[in-house]
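Read off the chains here:
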Amino acid sequence: MKKNWTTNDIPDLTGGVIIVTGATSGLGKEAARVLAGKGAEVVMAVRNIEKGEKVASEIKSEFPNAKLDIRKLDLASLKSVQDFSEEFTHSFDRLDVLINNAGVMMCPYAKTQDGFEIQMGTNYLGHFALTGRLMPLLKKTKNSRVIATSSVGHRMGDIDFSDINWENRKYDTNKAYGDSKLACLYFVYEGTRRFKNDPDAPKMIAAHPGVTDTELARHTRFLQIFNWFVAQGPEMGTLPTLRAARDPKAQSGEYYGPKGFFEMRGYPEVTDSNSLSKDESKAKKLWELSEKMTGVKF
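These figures come from a predicted structure and were not determined experimentally.

Calculation notes
Residues numbered from 1 in each chain as written. Predicted model: local features only at pLDDT ≥ 70, side-chain atom pairs only at ≥ 80, totals over all residues. Heavy atoms only, no water. 1 Å grid on protein atoms, 1.4 Å probe; cavity = no way out; pocket = protein on both sides within 12 Å on 5 of 7 lines; lining within 4 Å. Points joined across faces, edges and corners; volume = space filled by probe spheres on them. Helix = DSSP H or I, 4+ residues; strand = E, 2+ residues; numbered from the N terminus. Nonpolar A, V, L, I, M, F, W, Y, C, P; charged D, E, K, R; others polar.

*Asks:* Can you tell me about empty space enclosed by the protein, naming the residues and giving the values?
*Replies:* It is a probe the size of a water molecule, rolled over the atoms, that shows where empty space is left. Inspection of every chain in the model, using the stated rule, returns two cavities of 30 Å³ or more. Taken as a whole, the largest cavity holds about 60 Å³ of empty space. If you trace the largest cavity, you find it lined by Asn100, Asn123, Tyr124, His127, Phe128, Ala148, Thr149, Lys181, Cys184 and Phe187. At the level of elements, α4 (118-140), β5 (145-149) and α5 (173-194) are the ones that each hand at least two residues to the lining of the largest cavity. Considering each element in turn, the lining of the largest cavity owes the most residues, four residues, to α4. For the lining of the largest cavity, the class distribution of residues is five nonpolar, four polar and one charged. Put simply, the second largest cavity is a space of about 30 Å³. In this structure, the second largest cavity is lined by Glu117, Met120, Ile159, Asp160, Asp163, Ile164, Trp166, Arg169, Ala176 and Asp179. When grouped by side-chain class, the residues that make up the lining of the second largest cavity number five nonpolar, no polar and five charged.

Structure follows, in structure tokens:
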């Protein structure tokens, strides 16, 4: 019988450096806790420093020797992404794993500082720019990885490239969320193709948490009720991300998620995304558009 993958399968990570975006709650907080407990130096890239410090002291009460570095990052601002990347590159000479975890979900219509629709801007474009700016350091670090957080919600997405910021149609927050999570898969699949002949390039891997009870559901009453019945806790929901980040067998272009009923809960395994997410021409188009929109070229 196949053994379930758990945090016990993560080796000692002493000497490694891992960035977790959105590390103040939910999946990001749990990932930071587990990875710091395994000896990695975890850089908590957070919007709210005060919240970050509170979480860091919680982690340190459990793991007194935890190495945590709290840094300001607002993914809804390309300037903040640039500042964070420059400061990080100045402070560190390696980056083993970049976990692009932070996100917003099904919120009212808004725009980022750069005029992007809020969910695409935060969940995808901010992380696209961050990865591009940190790529030199990722390439310098042997066996590095970039983890993108997608969702079963990617199945609701179908990006309208002529109106990516939702300026010319009625805003559908669920679909916009689906678009942003589909974009994260395009990013991993296209990145895998682009870097396949570069021995220094990081592995690009996607993960999703199934249905996990986090603060993300705060805008949706239905989800709050649904989660009460179905959702698993962050300890389980974070496992696909952790497996993508640290399982030596994980390969570029793979997608990890819970293996249980409809991928809603369970232990992490390689899973599959929908056929639209595998459309190579759309993935390429999004990559080129992202470089144009963010001004960050890989």
